[in-house]
Amino acid sequence: MTTRFDHDDDGVVVIIGSGAGGGTLAHALARKGIKSVVLEAGKRYQMNDIENDEWEMFKKISWLDERITAGPRQLTETFPNLPAWIVKGVGGSTIHWAGVSLRFQPHEFRLHSEVGDIPGANLLDWPISYEELEPYYVRAERHMGVTGESTGMPYHQWNNNFKVLAAGAERVGYTQLRAGPMAINTQEYDDRGRCMHAGFCMQGCRFGAKWSTMYTDIPRAEATGLCEVRPRAMALRIEHDADGRATGVVYADGDGNRHRQRARAVCVAGNSIESPRLLLNSHSSLFPEGLANSSGQVGRNYMTHATSCIFGVMPKPVHMHRGTTFAGIISDEARLDRSRGFVGGYTLEVMSLGVPFFAKFMDPTHAGWGRDITTALDKYDHLSGVWICGEDLPVERNGITLHDTRRDQHGLPVPIVYKGDHPNDEKLRRHGEQQARRCYEAAGAERIFHVPDFPTSHNVGTNRMSARPADGVVNRFGQTHDIDNLFVSDGSQFTSSGAENPTLTIVALALRQADHIAERMQRREL
Amino acid sequence: MIPSPKATTLSRRRFLTLSGQGALLAGGLALGAGSLWPSWALADPDLAAGLLRLGRDIYPHEAIADRFYLEPLRPLLDSDRTLIADGLADLDRRAEAAHGMRYGEIPREADRVALLREIEDGDFFQRVRNTLVVGLYDNPELWEPHFGYEGASWQQGGYLHRGFNDLVIDWL
């Protein structure tokens, strides 16, 4: 547990971030005998830091460094400094994620080929196919403990919230209703206990039933003696030599002191805002537009999923807060079917919020007060909710840029997170809202209302994979096209968003990348 | 807390005028939600009464007692006293112009709400609202009794054996 690598040890892989990408990668590399130093900007939390309290946990673990929300969207008004709801801590956003573990569908890796050019969208096929990734999906599912075929763990029993949505969905004619796959144990698995249906999945799982690198990959990587995790270590810039190879990472420790960790290779896994930000901030005379940015695509094509929430007030108490937060999935609309008037599909995922967050998120606009709000809150225990997780098309303008003058506590330019809807996103969202309303009408809801976007936890696409170096930032293994020993290991690699929650695919890609890095090291190419 | 007789009189009079239920109260009904005020509010009755009326118009729940509105709003009188005092004075001016009486004296909720819609984009209104959206709804004392929200559950072993799937849909 106390392995320490020297700052001048250039035999280590430096991994920036300890979440689904970085945490998985560090562990997988350690299993192969490869040394790594993980630089994690956040603190280390213990299980007893995890509370069933929405605001306390929000304040404790969220990434709250200054960010600027921009673009023609409501979030710019309602959450001007919180475009994303993600975690700063050892374990990253795997502390907060809700456990939904859907694979991308085969056609989603080649959406561009399927639908052709769409004006205003920067569509591109992934340089890998579903078939190539499939074995890694199986490994990821076993690794994370995903209910279903790969582990043999049964799906969860339907909680009250899902029963309500499902009753309506079945009457609407939907048939693909499942309480899984989830990386939440339904029985003891991987030395972790079963889900107790406590709720509060997004505040961290107090029981450790939900997979998180916080209490799986990170401590296990450390236990090998081959991985050192440095909490409160904020990566400031990646350095390179005259040949353009990455040589190390300069970071600030918790006291603000600067250090340089030398590296054999560097893997960036800081989520889709920080990862491109770090590459852009690492500009040099050799790479004036930022590292790995010869394509100009670093920070572009930011995708969040096209989302919306619909809640229904039911005739009897539902107690949606009991049980897992995202307790069931409806996949009927996830298909590609252009007759609906849009490309891409969406997943309907039953969801709950506690009273504190429901009150905050129900209508965060200036006008969101009065009896419309309080009459819904008075029926809180009668509510059921569903979240729409839809394909969000890549748009070049959507992305992460650096503010000209504003600096954060480390002196780094503050990121501007710009996002607007493609017309396709709007059509998909409207369709999803209408279908969700139909479900709740069919379930006998007395009142149905829409809850607007809250800060997004699904952030992907800003260092995208491409076959050709001109079209994207990284190749099919997440290695940057421009720099041989620089990798991207998080969701920013995504070429498209799919209609599925991103974590399972991030983990599958990280496991695949670990194999690739190990093979190249064996061949002495790295 | 035993308020002084003088302060009680003040607060009660203010409450009668601010609540919009004056007519009902005059008709002999009990105060209902208007339980005893905290001492600071009795000491600062005008601002407290204005804030309370405003808070109850922003997030109206008849069954929730005054103190649950007043307690989270109290810190504003220290941190943002000028903003609050000026904001309430502005609201009173608007009320006088439109209805010939102070904001808190306007009997119809719809009339008060219409005035508030005019100022909802301002700092004063949003400061009060943003304070209350956390202060009122993040109060565990209200969760289960008022909203049916049970709060933290891990200490009781979650809901695995306590009703996570106990719903019988018998209304369809």
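These numbers come from a predicted model, not from an experiment. (Residues numbered from 1 in each chain as written. Chains lettered and ligands numbered in written order. Predicted model: local features only at pLDDT ≥ 70, side-chain atom pairs only at ≥ 80, totals over all residues.)

## Thoughts on the overall build of chain B
Next up, step 1: Looking only at helices and strands, chain B features 9 helices and 0 strands.
Next up, step 2: Considering chain B as a whole, with its 172 residues, one finds that 34% of them fall into the buried category.
Next up, step 3: Counting contacts in chain B only where the partners sit at least 6 residues apart, residues at least 24 apart contribute 70% of the total. (Helix = DSSP H or I, 4+ residues; strand = E, 2+ residues; numbered from the N terminus. Buried ≥ 20, exposed ≤ 12 C-beta atoms within 10 Å, placed from the backbone. Contact = placed C-beta atoms within 7 Å.)

## A few points about the overall build of chain A
Next up, step 1: Looking only at helices and strands, chain A features 12 helices and 17 strands.
Next up, step 2: In terms of overall size, chain A behaves like a compact globule, its C-alpha atoms giving a radius of gyration of 22 Å where 526 residues would be expected to give roughly 24 Å.
Next up, step 3: The dimensions of chain A, computed from C-alpha atoms along their principal axes, are 70 × 50 × 45 Å.
Next up, step 4: Contacts spanning at least 24 positions in sequence make up 75% of the contacts within chain A whose residues lie at least 6 apart. (Rg over C-alpha atoms; globule rule 2.2 N^0.38 Å.)

## Let's talk about the pairing of strand S2 (residues 36–39) of chain A
Residues and elements named next belong to chain A.
Next up, step 1: Residues Ser-36 and Val-38 of S2 are buried on one face, and the alternating residues Val-37 and Leu-39, pointing to the opposite face, are buried as well.
Next up, step 2: Pairing between strand S1 (residues 13–16) and S2: 4 bridges, direction parallel. Across the sheet, Ile-15 pairs through a bridge with Val-38, a residue of S2.
Next up, step 3: Read from S1 through helix H1 (residues 22–31) to S2, the crossover connection turns out right-handed. (Pairing = 2+ DSSP bridges. Right-handed = clockwise from strand over helix to strand, strands pointing away.)

## Some points on the pairing of strand S12 (residues 346–351) of chain A
Residues and elements named next belong to chain A.
Next up, step 1: Extensive coverage of S12 is indicated by the burial of 6 of its 6 residues.
Next up, step 2: Here S12 shows no split at all, with Tyr-346, Leu-348 and Val-350 on one side and Thr-347, Glu-349 and Met-351 on the other all buried.
Next up, step 3: Examined bridge by bridge, S12 and strand S13 (residues 383–390) share 6 bridges and lie antiparallel to one another. Directly across from Met-351, in S13, lies its bridge partner Gly-385.

## Re the interface of chain A and chain B
Next up, step 1: Listed per partner, the contact involves 42 residues of chain A and 34 residues of chain B.
Next up, step 2: Sorting the residues of the side of chain A that touches chain B by element identifies helix H6 (160–172), helix H9 (355–361) and helix H10 (371–378) of chain A as the ones contributing at least two each.
Next up, step 3: Sort the elements by how many residues they give to the side of chain A that touches chain B and H10(A) lands first, with 5 residues.
Next up, step 4: Per-class residue counts for the side of chain A that touches chain B are 18 nonpolar, 14 polar and 10 charged. (Nonpolar A, V, L, I, M, F, W, Y, C, P; charged D, E, K, R; others polar.)

## Some points on the UniProt feature "domain: Glucose-methanol-choline oxidoreductase C-terminal" (unreviewed entry) in chain A
Next up, step 1: Cross-referencing UniProt, the feature "domain: Glucose-methanol-choline oxidoreductase C-terminal" (unreviewed entry) maps to residues 394–510 of chain A in the present numbering.
Next up, step 2: Taken end to end, residues 394–510 of chain A is 24% helix and 20% strand, and its two terminal C-alpha atoms sit 22 Å from one another. (UniProt positions renumbered as here; feature names shortened; annotations may be inferred.)

## A look at the packing of helix H4 (residues 45–58) of chain B against helix H8 (residues 123–135) of chain B
Residue and element names in this part refer to chain B.
Next up, step 1: At their nearest, the axes of H4 and H8 sit 10 Å apart, and the two run at 70° to each other. Between H4 and H8, the angle is such that the two are roughly perpendicular. Between H4 and H8 the crossing geometry is right-handed. Contacts between H4 and H8 involve Leu-51, Leu-54, Gly-55 and Ile-58 from the former and Val-128, Arg-129 and Leu-132 from the latter.
Next up, step 2: Residues that form the contact of H4 with H8 fall into these classes: 5 nonpolar, 1 polar and 1 charged. (Axes fitted to C-alpha atoms, helices over the stretch in contact; angles between N-to-C directions. Parallel < 35°, antiparallel > 145°, perpendicular 65-115°, else oblique. Left-handed = near helix turned anticlockwise from the far one by under 90°.)

## Let's talk about helix H5 (residues 130–144) of chain A
Residues and elements named next belong to chain A.
Next up, step 1: Taking 1.5 Å per residue, 15 residues should reach 21 Å; H5 reaches 19 Å between its end C-alpha atoms and fits that length.
Next up, step 2: Largest kink in H5: about 25°, centred on Tyr-136.
Next up, step 3: Within H5, the full set of buried residues consists of Leu-133, Tyr-136, Tyr-137, Ala-140, Glu-141, His-143 and Met-144.
Next up, step 4: Lining the buried residues of H5 we find helix H12 (503–522).
Next up, step 5: Where H5 ends, the next residue or the one after it, Gly-145, has phi of about 75°, a positive value. (Expected span 1.5 Å × (residues − 1). Bend = angle between axes of the 7 residues up to and from the residue.)

## Things to note about the sheet that holds S2(A)
Residue and element names in this part refer to chain A.
Next up, step 1: Pairing within the open sheet is parallel, and its 5 strands lie in the order S5-S2-S1-S9-S17. Of all strands in the sheet, those bounded by a partner on one side alone are strand S5 (227–230) and strand S17 (486–488). Going from strand to strand, the sheet's axes swing by 15° on average, the running direction of each strand aside.
Next up, step 2: Relative to strand S9 (residues 265–268), S1 runs parallel, the two sharing 4 bridges. Note that in S9 the partner of Ile-16 across the bridge is Val-268.

## Brief notes about the environment of A:Phe342
Residue and element names in this part refer to chain A.
Next up, step 1: Structurally, Phe-342 can be placed in the loop between strand S11 (328–330) and S12.
Next up, step 2: In sequence terms Phe-342 and Leu-428 are 86 residues apart; their C-alpha atoms lie 6.1 Å from each other.
Next up, step 3: Setting aside anything within four residues of it in sequence, one finds Phe-342 in contact with Asn-424, Lys-427, Leu-428 and His-431.

## Describing the sheet that holds strand S7 (residues 246–252) of chain A
Residues and elements named next belong to chain A.
Next up, step 1: The strand order S6-S7-S8 describes an open sheet built from 3 strands, whose pairing is antiparallel. Edge strands, defined here as strands with exactly one partner in the open sheet, are strand S6 (234–240) and strand S8 (258–262). Pairs of neighbouring strands in the sheet enclose a mean axial angle of 25°, with direction left out of account.
Next up, step 2: With 5 bridges connecting them, S7 and S8 associate as antiparallel partners. Bridge pairing in S8 places Val-249 opposite Gln-261.

## As for the UniProt feature "domain: Glucose-methanol-choline oxidoreductase N-terminal" (unreviewed entry) in chain A
Next up, step 1: Summarizing the sequence annotation, UniProt attributes the feature "domain: Glucose-methanol-choline oxidoreductase N-terminal" (unreviewed entry) to residues 88–306 of chain A in the numbering used throughout.
Next up, step 2: Measuring from the first to the last C-alpha atom of residues 88–306 of chain A gives 24 Å, for a span that is 23% helix and 14% strand.

## Looking at unusual backbone geometry
All names here are of chain A.
Next up, step 1: Backbone torsion omega between Gly-180 and Pro-181 reads 0°, so that peptide bond is classified as cis.
Next up, step 2: Tracing the backbone shows Pro-181 in the loop between strand S4 (177–178) and helix H7 (217–223).
Next up, step 3: Its identity as a non-glycine residue notwithstanding, His-305 has a phi of 75°, on the positive side.
Next up, step 4: The topology assignment puts His-305 in the loop between helix H8 (271–281) and strand S10 (306–313).
Next up, step 5: For His-305, a count of 27 C-beta atoms within 10 Å corresponds to the buried category.

## Describing the environment of A:Val266
Residue and element names in this part refer to chain A.
Next up, step 1: Position of Val-266 relative to the elements: it lies in strand S9.
Next up, step 2: Sequence-wise, Val-266 and Ser-489 are 223 residues apart; in three dimensions their C-alpha atoms are separated by 9.8 Å.
Next up, step 3: Residue contacts for Val-266: discarding those within four places in its chain leaves Val-14, Ile-238, Ala-246, Val-249, Asn-485 and Leu-486.

## Observations regarding the nonpolar core
A general trend in soluble globular proteins is that nonpolar side chains are found buried together.
All names here are of chain A.
Next up, step 1: Counting 191 residues, the largest nonpolar core has Val-14, Ile-16, Val-266 and Cys-267 as its most contacted members.
Next up, step 2: Counting residues per element, this core draws most heavily on H12, which supplies 9 residues.
Next up, step 3: Ignoring any residue separated from it by four or fewer positions in sequence, one finds Cys-267 in contact with Val-13, Ile-15, Ile-16, Gly-22, Leu-25, Phe-487 and Ser-489. (Core = buried A, V, L, I, M, F, W, Y, C linked by C-beta atoms within 7 Å.)

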